[in-house]
Amino acid sequence: MAKENEDWTKPVERKGRLTVVLALATLISAFGSSFQYGYNVAVVNSPSVFMKQFYNTTYMGRYSRPMEDNFLTLLWSLSVSMYPLGGFFGSLMVAPLVNKLGRKGTLLFNNIFSIVPAVMMGVSEIAKSYEIIIVARVIVGICAGLSSNVVPMYLGELSPKNLRGALGVVPQLFITVGILSAQVLGIRNILGNSTGWPLMLGLTGVPAVIELLLLPFFPESPRYMLIQKGDEKTAKAALQRLRGWEDVEEELEEMRLEEQSERAEGRLSVFSLLSQRSLRWQLVSIIIMNMGQQLSGVNAIYYYADSIYASAGVKENDIQYVTVGTGAVNVFMTIAAVFVVEASGRRLLLLCGFGICCAACVVLTVALNFQKTVTWMPYISIACVIIYVIGHAIGPSPIPYVVTTEMFRQSARPAAFMVAGSVHWLSNFTVGLIFPFLEAGLGSYSFIIFSVICLVTLVYIWLVVPETKSKTFLEISQMFAKRNKVEIKLGDGDLPLKETKESLEGDRQVTSF
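All residue numbers refer to positions counted from 1 along the written sequence of the respective chain. Given that the model is predicted, a residue must reach a pLDDT of at least 70 before its local features are reported, and side-chain atom pairs must reach 80 or more before they are shown or counted; all residues, however, enter totals for whole chains, interfaces and linings. For the side-chain quantities, the full set of heavy atoms in the structure was used; hydrogens and water were omitted.

Let us now look at the packing of aromatic side chains. Here is the rule: rings of Phe, Tyr and Trp (six-membered ring for Trp) pair when centre to centre is within 6.5 Å. Planes less than 30 degrees apart are stacked, more than 60 are edge-to-face, and the remainder are tilted. Tallied over the full model, the rule gives 15 aromatic pairs. Ring plane angle 65° and centroid distance 6.1 Å describe the contact between phenylalanine 54 and tyrosine 55, whose orientation is recorded as edge-to-face. Of the two residues, phenylalanine 54 and tyrosine 55, neither departs from the other in class, the shared state being buried. For a lysine, the NZ atom is tested; for an arginine, the CZ atom; a charge sits over a ring if that atom is within 6 Å of the ring centre and within 35 degrees of the ring normal. Note that arginine 62 overlies the ring of tyrosine 130, its terminal NZ or CZ placed 4.8 Å from the centroid. The residue whose ring lies beneath arginine 413 is phenylalanine 473, and the NZ or CZ to ring-centre distance is 4.3 Å. Here's how the labels work: a residue is buried when its accessible area is under 20% of the maximum for its type, exposed when over 50%, partly exposed in between, all with a 1.4 Å probe on protein chains only.

Laid out in structure tokens, this is it:
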């Protein structure tokens, strides 16, 4: 037994590589699910004028009088804000679905929440119903809420540890590609016009159909099959396909160790996760990172962008092209993050990203206040928007998903993603709801609030969040053990994970929750 443990602790010389199966599974799941999240964030921005006209015309046809401005504003606010609310409901479904259907199974099931609303939005004009659009936005929000959590979890469990960060950023890359695609299609000459908008809204179903046809040919998460289903044969076959070699015993052994260490805990519910001492700081960390990501002002920056470009002298018709340019910068920087994350690590990208966003918000506040008095100040405002987008794209946008996968072991991961996703979407919904009032009351000074949030998140990451690159899930648990005041170490007996008596008793109490 000692010999086996000795072999296990030797450094792994063979690094995982990006095989065709792994690459295709990553691209299909990210395009089929994550792409839609980004696409539906931006799809209603460009055709908003024509959609409001449709709302008004429909109301006029029904009641023979024009719609009141306040009611139109309410309907439009619902059309936009129902999406993050649906995302919140989708996040609440993550844990039960991934435990029941598996990671891949959940992604396939999730396509229902994309194809149905795509058809609904596509026929809304023919049906002369704006209610259909609002309901469809809730349903497609559920799709985004599930995919934003399940895709990083699925890819994190498929990846070898040396590629886990890079592949974990791919979903965020496809979110930015989705945003850019919606911006390009929303150009007036393409689909952002009075006749093209229903088709533009309906196109969200196309990636879902592609995923539904192709993803069944790719393996389920080997960790899910072995640790949660106890099916070692299927897990081994999946690993062999993913790694491109026959000998996967080392990785299977690491999964067995994780399985043994978790046998006492069982599958964790959200309530047991919240009360478990050995996971306390991991939980606080993902909550703060997800709140920081959404409350850092990224949506406000996009909201302000058009007026900033207009004040800098960009013609009204050309603003749409500048917006596409900003979207392209976002995609380019996220691609950079894919290649940099394994070299620089997660922590450095988070610190740099939040630091850049904090500085950009402060300078933007100053620039917006002097915009009318200093002739060259509008160009500083444009530079701040672009620098902010760069900062957010390298750290705050992609890395929290990667770190959420890495900080939790198999039994706790679904519940952790459920908490992280709920915080993410509730924060998103809150910003959408509160920012118009903030903007009306504080004007450009509202960005000072965002800079403070960025700074607080940065300080927390600096003090608490460790570097997790190229480490196994068990090793990351050990790194947090000291801060959680529990002892987790690999022992010599049959159970490789030993905890202090106090924490084990806590675990027993938790599992009976």
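What follows covers helix α3 (residues 48-63). For the α-helix, the turn length of 3.6 residues means that residues three or four positions removed from each other point alike. Note on conventions: DSSP H or I runs of at least 4 residues are helices, E runs of at least 2 residues are strands, and numbering of each starts at the N terminus. Here the expected span of a helix is defined as 1.5 Å times the quantity of residues minus one. A rise of 1.5 Å per residue sets the reference length of α3, with its 16 residues, at 22 Å; its end C-alpha atoms lie 22 Å apart and thus fit the reference within 8%. Listed as buried for α3 are Ser48, Phe50, Met51, Phe54, Tyr55, Thr58 and Tyr59. In the core, the buried residues of α3 are packed alongside α4 (69-92), α7 (130-158) and α9 (197-202). Of the residues trailing α3, serine 64 is marked for its positive phi of about 55°. We call two residues in contact when some of their heavy atoms are within 4.5 Å.

Once that is clear, we can look at the nonpolar core. Membership of the largest hydrophobic core comes to 63 residues, with the highest contact counts inside it found for Met51, Tyr55 and Tyr154. Here the element with the most residues in this core is α7; it accounts for 16 residues. Sequence-distant contacts of tyrosine 154, that is, excluding residues within four places in its chain, are made with Ala25, Ser29, Arg103, Lys104, Leu107, Leu215, Phe218, Pro219, Glu220 and Ser221. One finds Leu350, Cys357, Phe435 and Phe450 within the second-largest nonpolar core, a separate group that totals 61 residues. Residues belong to one nonpolar core when they are buried, are Ala, Val, Leu, Ile, Met, Phe, Trp, Tyr or Cys, and are joined through side-chain atoms within 4.5 Å.

When two helices pack together, their arrangement is given by the angle between the helix axes and the distance between those axes. At a minimum axis distance of 8 Å, the contact between helix α2 (residues 20-42) and helix α10 (residues 205-214) shows a crossing angle of 150°. Classed by the angle they form, the pair α2 and α10 counts as roughly antiparallel. In the crossing of α2 with α10, the sense of the turn from one axis to the other is left-handed. Facing Ile28, Ser29, Phe31, Gly32, Ser33, Phe35 and Gln36 of α2, the residues of α10 in contact are Pro207, Ala208, Ile210, Glu211 and Leu214. In terms of residue class, the contact of α2 with α10 is made up of seven nonpolar, four polar and one charged. Between N-to-C directions, angles span 0 to 180 degrees; the directions come from axes that are lines fitted to C-alpha atoms, helices contributing only their stretch in contact. For classification purposes, an angle smaller than 35 degrees is called roughly parallel, one larger than 145 roughly antiparallel, one from 65 to 115 roughly perpendicular, and anything else oblique. Left-handed describes a crossing in which the near helix is turned anticlockwise from the far one by less than a right angle; the clockwise case is right-handed. Gly is put with the polar residues, along with every residue not named as nonpolar or charged; the nonpolar set is Ala, Val, Leu, Ile, Met, Phe, Trp, Tyr, Cys and Pro, and the charged set is Asp, Glu, Lys and Arg.

What follows concerns a nonpolar patch on the surface. Candidates for patches are residues over 30% relative accessible area with no salt bridge; among them, like charges are joined within 9 Å and nonpolar side chains (Val, Leu, Ile, Met, Phe, Trp, Tyr) within 5 Å. Every accessible area reported is derived by Shrake-Rupley at a probe size of 1.4 Å, with residue values counting cover from the shown protein chains alone. A pair is scored as a salt bridge if a Lys or Arg side-chain nitrogen falls within 4 Å of a carboxyl oxygen belonging to Asp or Glu. On the surface, Val362, Val363, Trp376, Tyr379, Ile380, Leu442, Tyr445, Ile448, Ile449, Val452 and Val456 cluster together into a nonpolar patch covering about 990 Å² of accessible area. When contributions to the nonpolar patch are tallied by element, the ones reaching two or more residues are α18 (346-369), α19 (377-394) and α22 (446-464). Relative to the elements of secondary structure, isoleucine 449 occurs in helix α22. The exposure class assigned to isoleucine 449 is partly exposed, which follows from its relative accessible area of 34%.

Here we take up the pattern of salt bridges. Across all of its chains, the model carries 12 salt bridges by this definition. In this structure, arginine 256 engages glutamate 232 in a salt bridge whose closest nitrogen and oxygen atoms are separated by 2.6 Å. In this pair, arginine 256 is assigned in helix α13 (residues 249-262) and glutamate 232 in helix α12 (residues 232-243), connecting sequence segments 24 residues apart. Relative accessible area serves as the criterion here: at 16%, arginine 256 is assigned to the buried category. Judged by its relative accessible area of 34%, glutamate 232 falls in the partly exposed class.

A negative phi angle is the norm for most residues apart from glycine, just as the trans form is the norm for most peptide bonds. One non-glycine residue, serine 64, adopts positive backbone phi at about 55°. Along the polypeptide, serine 64 turns up in the loop between α3 and α4. Serine 64 gets classed as exposed once you look at its relative accessible area, which sits at 65%. Residue serine 470 is not a glycine yet carries a positive backbone phi of 55°. Within the secondary structure, serine 470 sits in the loop between α22 and α23 (473-481).

Take the environment of valine 119 next. Here valine 119 shows up in helix α6 (residues 112-122). A relative accessible area of 52% means that valine 119 is categorised as exposed.

Let's shift gears to α12. Over its 12 residues, α12 extends 16 Å from the first C-alpha to the last, a length consistent with the 16 Å expected when each residue adds 1.5 Å. Taken together, the buried positions of α12 are occupied by Ala235, Ala238, Leu239, Leu242 and Arg243. All buried residues of α12 fall inside an arc of 120° around its axis, so they share one side. Positive phi appears at glycine 244, one or two residues downstream of α12, with a value of about 80°. Here the arc refers to the directions that run from the helix axis out to each C-beta atom.

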